Amino acid sequence: MGRATRTWLDAALAAGAIYLVGFAVIALSRAGYPFEVEWMEGGMLTHAARLVEGQRIYAAPSADFVPFFYTPGYPALLAGLAKLGFGLSFGLARGVSLVATAITLGLLFRIGQREAGWRYGALAVGVYAALFRTNGAFYDLARPDAVFMAILVGAVYVARYRPSIAGAAAAGLLFAAGFFTKQTVSVFVPATALALFIERGWRPAAALTVTAFGAAAAGVWALDAAHEGWFWTYIFEGHQGHLFYWKNILMEYWRDVLFL
């Protein structure tokens, strides 16, 4: 590494450290705030409270409750912690998201370190911290996003650094777990499988794909049967009501990337 490169990299690391400290201050200052910071937080706690009380999340819509179009991983985790004696609260929910974000940051650091050295690991952490506001400021909120990201990055990490059929299958199981936290993980399975196919051949790619989609399909079938068809209605069919705007893909997405 040349002197000029190191100088610019160290400057970027300093900026990243400032962003990381800024995120930590914001997250810790609002962790115990007893009301909603973002409009979905109360709804997520309501989902978890229903599970604690033995009620279904996915049932016919009523005047009392209509679920979000998310899979149940995050509220189920909150409900499990509540049953262990942790009080169900905004503080608990945000604490879970903070721990998940810490895991994501740790994995990003380790990936950068393994690929290019500790400075690049620290740079990856700084970039992720710098994107806190741009990404919606969801790293520490009572939403499934932070847990979803931790599982997603974990799955990619295992796929990359466990070069075996068993490692690929383990990554597939993590992807399936990610699906039951937020369905968006599905986008990353084919991309990761393609990378494995190019680098290691068809067997690990097939192991990851079959495990991920097989485990997810089995879980969807079981949950849909347990909820009399309402699970699939909410997590898939409900999304089909969203209009698809081609201009978002063809124009506005690239505008946002250039802005970043």
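The structure displayed is predicted, hence computed values, not measured ones. (Residues numbered from 1 in each chain as written. Predicted model: local features only at pLDDT ≥ 70, side-chain atom pairs only at ≥ 80, totals over all residues. Heavy atoms only, no water.)

**Q** Describe the overall build of the chain, and please don't skip the residues or the numbers.
**A** In terms of regular secondary structure, the chain is built from 11 helices and zero strands. Listing the helices and strands of the chain from first to last along the sequence gives α-α-α-α-α-α-α-α-α-α-α. In terms of overall size, the chain behaves like a compact globule, its C-alpha atoms giving a radius of gyration of 20 Å where 260 residues would be expected to give roughly 18 Å. Overall, the chain is about 65 × 50 × 45 Å in size when its C-alpha atoms are taken along their principal axes. A total of 260 residues make up the chain; the buried ones form 39% of that total. Here the analysis covers contacts within the chain between residues at least 6 apart in sequence; of these, 71% occur between residues at least 24 apart. Looking at the chain as shown, the accessible area adds up to about 14,400 Å², and 69% of this sits on carbon and sulfur atoms. (Helix = DSSP H or I, 4+ residues; strand = E, 2+ residues; numbered from the N terminus. Rg over C-alpha atoms; globule rule 2.2 N^0.38 Å. Buried < 20%, exposed > 50% of the residue type's maximum accessible area, 1.4 Å probe, protein only. Contact = heavy atoms within 4.5 Å. Areas by Shrake-Rupley, 256 points an atom, 1.4 Å probe, with all protein chains shown as cover.)

**Q** How would you summarise the nonpolar core if you had to cite specific residues and measurements?
**A** Grouped together as the largest cluster of nonpolar side chains are 27 residues, with contacts concentrated most on Phe 175, Phe 179 and Leu 208. For this core, the elements supplying multiple residues, two or more each, are α6 (145–161), α7 (165–179), α8 (188–200), α9 (202–226) and α10 (230–235). When residues in this core are grouped by element, the largest group, six residues, is from α9. (Core = buried A, V, L, I, M, F, W, Y, C linked by side-chain atoms within 4.5 Å.)

**Q** For helix α3 (residues 73–83), give the residues involved together with the corresponding values.
**A** Listed in full, the buried residues belonging to α3 are Tyr 74, Pro 75, Leu 78, Ala 79 and Ala 82. Looking straight down α3, one finds its buried side chains confined to an arc of 135 degrees; they lie on one side. On its buried face, α3 is in contact with α2 (41–52), α4 (90–116) and α6. Positive backbone phi, at 115 degrees, marks Gly 85, one or two positions downstream of α3. (Arc of directions from axis to C-beta.)

**Q** Go over the packing of aromatic side chains, please, and point to the residues and values.
**A** Counting across every chain of the model gives 13 aromatic pairs. Judged by centre distance (4.5 Å) and plane angle (5 degrees), the rings of Tyr 128 and Tyr 139 are stacked. With Tyr 128 in helix α5 (residues 118–130) and Tyr 139 in the loop between α5 and α6, this residue pair connects regions lying 11 residues apart in the sequence. Owing to a relative accessible area of 11%, Tyr 128 belongs among the buried residues under this scheme. Under the relative-accessibility criterion, Tyr 139 is labelled buried at 5%. Chaining the aromatic ring pairs together yields one cluster made of Tyr 58, Phe 69, Trp 230, Phe 231 and Tyr 234. Above the ring of Tyr 161, the side-chain terminus of Arg 114 is found at 4.0 Å from the ring centroid. Taking the ring centre of Phe 138 as reference, the NZ or CZ of Arg 143 above it sits at 4.0 Å. (Phe/Tyr/Trp six-rings, centres within 6.5 Å; stacked < 30°, edge-to-face > 60°. Lys NZ or Arg CZ within 6 Å of the ring centre and 35° of its normal.)

**Q** Let's hear about the pattern of salt bridges: which residues, and what values?
**A** For the coordinates displayed, the defined rule picks out 10 salt bridges. Glu 38 is paired through a salt bridge with Arg 143; the nearest N and O atoms lie 3.1 Å apart. Placement of Glu 38 in the loop between α1 (3–30) and α2 and of Arg 143 in the loop between α5 and α6 is noted, with a sequence separation of 105 residues between them. What makes Arg 143 buried here is its relative accessible area of 6%. Taking the shortest distance from any N to any O, the salt bridge between Glu 199 and Arg 160 comes out at 2.9 Å. Highlighted residues: Glu 199 in helix α8 and Arg 160 in helix α6, separated in sequence by 39 residues. The partly exposed category is assigned to Arg 160, whose relative accessible area is 36%. In this structure, a network of salt bridges that share partners links the residues Glu 38, Arg 143, Asp 145 and Lys 182. (Salt bridge = Lys/Arg side-chain N within 4 Å of Asp/Glu carboxyl O.)

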